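Fold and contact review
Given next are the chains, with one letter for each unit.
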Amino acid sequence: MRKNKCRQALTALVAITSLGSCLALNSELSEAKTVTGSTELTASATKMGRIIKKTSLYNKKGHKIKKSILKKGKELALVGKVKINKKKYYKVGYNKYVLAKYVTIIKAKQIQQQNTTTPSTSKPVMPTTPNTNTTPKTPTIPKTPSKSKNDAVSNFSISDFRKAFLDGLNAERAKRGLSAVSEDSHYDEVVQERTKLLPNNFSHFDSNNKFILEKCFEDANIKSASVAECIAMFPWGASVDHSTNVLVQEKNASSALVAQGMLYEYIYNDAASNWGHRDILLNPKDKTIGLGAVIGQSDKIYSSVGVTY
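So, here is what we can say about the structure in this document. Residue positions are given per chain, counting from 1 as you read along its sequence in written order. Residue-level local features of this predicted model are given only where pLDDT is at least 70; pairs of side-chain atoms are given and counted only at 80 or more, and the full residue set underlies all totals for whole chains, interfaces and linings. Side-chain metrics rest on all non-hydrogen atoms present in the structure, leaving aside hydrogens and water.

Our next topic: the pairing of strand E14 (residues 246-249). Throughout this description, buried means an accessible area under 20% of the type-specific maximum (1.4 Å probe, protein chains only), exposed means over 50%, and partly exposed covers the range between. Going along the chain from the N terminus, every DSSP run of H or I of four or more residues is numbered as a helix, and every run of E of two or more is numbered as a strand. With burial as the criterion, each face of E14 is covered, one bearing Val 246 and Val 248 and the other bearing Leu 247 and Gln 249. The criterion for strand pairing is that DSSP finds at least two bridges linking the strands in question. Both strand E13 (residues 238-241) and E14 contribute to a ladder of four bridges, which runs antiparallel. The partner of Val 240 across the bridge, within E14, is Leu 247. Hairpin geometry of E13 and E14 is characterised by an intervening segment of four residues between the two adjacent antiparallel strands and by a positive phi of about 60 degrees at Asn 245.

Next comes the structure, spelled out in structure tokens:
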């Protein structure tokens, strides 16, 4: 996996689906590979559900996860339905499932009414950018993919995303006594162009098995001792419940919320990739990063983080 000294040898198994698991949910993504760097984090939540009876979370083998109780009334983003040991489950996070019989689907109309008349039952898990509108422009769960995509485009801000990610990353580095990294506008431009490839090729490599970001940096005459990349996909309007690591829907979607969700997954929920993302972003040698983000189908936000020293 090592081309030369300019490539970090951090190996992670990429699997195409929610939170890096092995259940294929979306055919628009390319086949997974073993790569240097990072993996996909999440797939777009297609439904919202509410727990109707106190229950536990289960792993992919159908075994209960200790200390993972979901209380009645808890709302979750559902990212797939599977059968495990002949029982039906909804997938709600990386290696996290809930029995389908204990979940009721929340209709889009119900969510819209809830968001405009009553407080959200999901507690915020990270600071988010306030939404100055008193009434959301659209339902949290859009009625049509085309409208959903347009709504995400109208609300997503690359500058807000970059600021939230950089501030959050440097806060995590400061906690560990590490120096802050700086964002470079030239890097941002190059990484943004590279990120545009992700919706059709969620991989670090092109068809010739060349490391895409490294080639982009070379073409832009950016030279460094090391080039590493983290890539992610995260659903617009969702966040991660830190107590259970499951996706939950937030009333106020924001670009900062997407950045915070991606960063949390990279650093705290990365066991599936042997903590490759965390090791890249918290490398003491890191100096400069470039950030890119684009909107894919069904409100999925794709991002690439280019890290150099």
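Our focus in this paragraph is the packing of helix H3 (residues 158-175) against helix H6 (residues 255-268). In contact at an axis separation of 8 Å, H3 and H6 are set at 35 degrees when each is read in the N-to-C sense. The two elements H3 and H6 meet at a crossing, and its hand is right-handed. Residue-level inspection shows Asp 160, Phe 161, Ala 164, Phe 165, Gly 168, Leu 169, Glu 172 and Lys 175 of H3 in contact with H6, the latter providing Ser 255, Ala 256, Val 258, Ala 259, Met 262, Leu 263, Tyr 266, Ile 267 and Tyr 268. Angles run from 0 to 180 degrees between N-to-C directions of axes, and those axes are lines fitted to C-alpha atoms, restricted for helices to the stretch in contact. It is the rotation of the near helix from the far one that decides the hand of a crossing: anticlockwise by less than a right angle makes it left-handed, clockwise makes it right-handed. Residues count as neighbours in contact if any of their non-hydrogen atoms are within 4.5 Å of one another.

This paragraph deals with the pairing of strand E8 (residues 87-93). On a regular strand, one side chain projects to one face of the sheet and the next to the other, so that they alternate. With five of seven residues buried, E8 lies mostly within the body of the structure. If you look at the hairpin formed by strand E7 (residues 81-84) and E8, you'll find two residues sitting between the two strands, and Asn 85 has a positive phi there, around 55 degrees. Where E8 and strand E9 (residues 96-99) come together, four bridges link them in antiparallel fashion. Bridged to Tyr 90 within E9 is Val 98.

In this section: the nonpolar core. Counting 36 residues, the largest nonpolar core has Phe 165, Leu 169, Met 262, Tyr 266, Leu 281 and Val 305 as its most contacted members. Where this core is concerned, the elements lending two or more residues are H3, strand E12 (227-235), E13, H6, helix H7 (276-281), strand E15 (288-295) and strand E16 (300-308). Tallying contributions element by element places H6 first for this core, with eight residues. Beyond its immediate stretch of four places on either side in the chain, Leu 169 contacts Val 181, Leu 263, Leu 281, Leu 282 and Ile 289. Counting 12 residues, the second largest nonpolar core, distinct from the first, contains Ile 51, Leu 57, Leu 70 and Leu 78. What is meant by a nonpolar core is a set of buried Ala, Val, Leu, Ile, Met, Phe, Trp, Tyr and Cys residues, joined one to another through side-chain atoms within 4.5 Å.

Turning our eyes to something else, we now look at the sheet that holds E15. One open sheet accounts for four strands, arranged E11-E15-E16-E12; its pairing is mixed. Strands at the two margins of the open sheet, each flanked by one partner only, are strand E11 (182-183) and E12. Summarising the sheet, E12 and E16 pair through nine bridges and their orientation is antiparallel. Residue pairing across strands places Ile 231 opposite Ser 304, the latter belonging to E16. Across the sheet, H3 lies against E11, E15 and E16, angled at about 140 degrees from E15, the strand it touches most.

This next bit is on the packing of aromatic side chains. Put simply, two rings from Phe, Tyr or Trp (the six-membered ring, in Trp's case) pair if the centres are within 6.5 Å, and we call them stacked under 30 degrees between planes, edge-to-face over 60, tilted for the rest. Within the structure shown, the criterion is met by nine aromatic pairs. Note on Phe 156 and Trp 236: the rings are 6.1 Å apart at their centroids and 70 degrees apart in plane angle, and the pair reads as edge-to-face. In this pair, Phe 156 is assigned in the loop between helix H2 (145-155) and H3 and Trp 236 in the loop between E12 and E13, connecting sequence segments 80 residues apart. Per residue, the accessibility class of Phe 156 equals that of Trp 236, and both read buried. Ring geometry for Phe 205 and Phe 211: centres 6.1 Å apart, planes at 45 degrees, overall tilted. Since its relative accessible area comes to 4%, Phe 211 is described here as buried. Linked through ring pairs, Phe 156, Phe 161, Phe 165, Trp 236 and Tyr 266 together constitute an aromatic cluster.

The next point concerns the packing of helix H4 (residues 185-195) against helix H5 (residues 212-219). Put simply, H4 and H5 touch, their axes get as near as 10 Å, and they point 135 degrees apart. By the angle class used here, H4 and H5 are oblique. Where H4 crosses over H5, the handedness of that crossing is right-handed. Contacts between H4 and H5 pair Tyr 187, Val 190, Val 191 and Arg 194 from the former with Ile 212, Leu 213, Cys 216 and Phe 217 from the latter. Residue composition of the contact of H4 with H5, by class: seven nonpolar, no polar and one charged. The labels follow the angle: roughly parallel below 35 degrees, roughly antiparallel above 145, roughly perpendicular from 65 to 115, and oblique for the rest. Gly counts as polar in this scheme, as do all residues outside two lists: the nonpolar Ala, Val, Leu, Ile, Met, Phe, Trp, Tyr, Cys and Pro, and the charged Asp, Glu, Lys and Arg.

Take the side chain of Asn 283 next. Position of Asn 283 among the secondary structure elements: in the loop between H7 and E15. The class of Asn 283 is buried, set by a relative accessible area of 13%. Polar contact is defined as a pair of N or O atoms within 3.5 Å, subject to the rule that within protein one atom must be able to donate a hydrogen and the other to accept it, and that residues adjacent in sequence are counted only when both atoms are side-chain atoms. Side-chain polar atoms of Asn 283 contact the backbone nitrogen of Lys 285, separated by 2.9 Å.

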